[in-house]
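Okay, here's what each chain looks like letter by letter:
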Amino acid sequence: GESVGLHLPTLSVQEGDNSIINCAYSNSASDYFIWYKQESGKGPQFIIDIRSNMDKRQGQRVTVLLNKTVKHLSLQIAATQPGDSAVYFCAETAAGNKLTFGGGTRVLVKP
Amino acid sequence: GAGVSQSPSNKVTEKGKDVELRCDPISGHTALYWYRQSLGQGLEFLIYFQGNSAPDKSGLPSDRFSAERTGGSVSTLTIQRTQQEDSAVYLCASSARTAVAQYFGPGTRLTVL
């Protein structure tokens, strides 16, 4: 199983700086990937998704990069704000239904 | 529009009791999913409904767990004879169809004493 809670890797970032959160996946057949943000006491919130026929997708202040060769996914947050403090999960699916989640990364934004 | 809603938000029960957790998906979403989030185990898939197809139950941890989806909308997850290891946050998600974004509800925090 994957660890969450107190054992989450943590990324501390200064407000205004850019954040990069990384995720490795293991299933080479995965063809759809999603990043979620989860704040304490809430359900995961959709941020951005990408399909395997793309290597980059941009949203508002966020960019997802996909490297299928090394099975690596990253989420870049530009000009990180205090409201970005949360746990971030990557998720993958190979059959378009059930998601397999990564262990999560906690982002702490320092004022 | 309204998002995915779940009830109750918190449930405390005694070991051995049965519990029912409810999920109201986003209107028009044909796919509905249940996941469980517990300390030390991360987010794990439980069951998936798509339209009128037979549900994918491959993630259910034991036969004490079951779920149904009535009328293609509301879903109920039932845990019989609850055990302490069932304590977790149970999350429901829905999507317009498969292979598109899943939107999660706030979850039900289940505590088994």
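In what follows, the structure referred to is the one given above.
Residues numbered from 1 in each chain as written. Chains lettered and ligands numbered in written order. Predicted model: local features only at pLDDT ≥ 70, side-chain atom pairs only at ≥ 80, totals over all residues. Heavy atoms only, no water.

A. The arrangement of the sheet that holds strand β7 (residues 72–77) of chain A in detail. Residue and element names in this part refer to chain A. Spatial strand order, β2-β7-β6-β5: four strands in an open sheet with antiparallel pairing. In this open sheet, the two strands that pair with only one neighbour each are β2 (19–24) and β5 (56–58). The mean inter-strand angle of the sheet, taken between neighbouring strand axes irrespective of direction, is 15 degrees. One ladder, built from three bridges, connects β5 with strand β6 (residues 62–67); its direction is antiparallel. Across the sheet, the residue bridging to glutamine 58 is threonine 63, located in β6. (Pairing = 2+ DSSP bridges. Helix = DSSP H or I, 4+ residues; strand = E, 2+ residues; numbered from the N terminus. Axes fitted to C-alpha atoms, helices over the stretch in contact; angles between N-to-C directions.)

B. Structural context of the packing of aromatic side chains. By the definition in use, this model includes twelve aromatic pairs over all chains. Relative to phenylalanine 46 of chain A, the ring of tyrosine 36 of chain A lies with its centre 6.4 Å away and its plane at 80 degrees, an arrangement referred to as edge-to-face. Of this pair, tyrosine 36 of chain A sits in strand β3 (residues 32–38) while phenylalanine 46 of chain A sits in strand β4 (residues 45–51), placing them ten residues apart in sequence. We classify phenylalanine 46 of chain A as partly exposed; its relative accessible area is 21%. Both rings, one in phenylalanine 101 of chain A and one in phenylalanine 104 of chain B, keep their centres 6.0 Å apart while their planes meet at 70 degrees; by these two values the pair is edge-to-face. (Phe/Tyr/Trp six-rings, centres within 6.5 Å; stacked < 30°, edge-to-face > 60°. Buried < 20%, exposed > 50% of the residue type's maximum accessible area, 1.4 Å probe, protein only.)

C. Quick peek at the interface of chain B and chain A. In this complex, chain B contributes 23 residues to the contact, which on the side of chain A involves 21 residues. Both faces considered, chain B and chain A share a buried interface measuring about 1700 Å² in area, 58% of it formed by carbon and sulfur atoms. Area buried by chain B at its contact with chain A is led by Leu43, Ala99 and Phe104 of chain B, which between them contribute 28% of it. Two residues, lysine 98 of chain A and aspartate 56 of chain B, come together in a salt bridge whose shortest N-O distance is 3.9 Å. At the junction of chain B with chain A, the criterion picks out five residue pairs in polar contact (both at pLDDT 80 or more). Elements that contribute at least two residues to the side of chain B that touches chain A include exactly β4 (31–38), β5 (42–50) and β9 (103–104) of chain B. (Contact = heavy atoms within 4.5 Å. Buried area = accessible area lost by both parts, 1.4 Å probe. Salt bridge = Lys/Arg side-chain N within 4 Å of Asp/Glu carboxyl O. Polar contact = N/O pair within 3.5 Å; in protein donor to acceptor, adjacent residues only side chain to side chain.)

D. Looking closely at unusual backbone geometry. Residues and elements named next belong to chain B. Between serine 7 and the following residue, proline 8, the backbone shows a cis peptide bond with an omega angle of -10 degrees. Checked against the element boundaries, proline 8 lands in the loop between β1 (5–7) and β2 (10–13). Of note, arginine 81 is a non-glycine position whose phi angle comes to about 45 degrees, a positive value. Along the chain, arginine 81 falls in the loop between β7 (75–79) and β8 (88–95).

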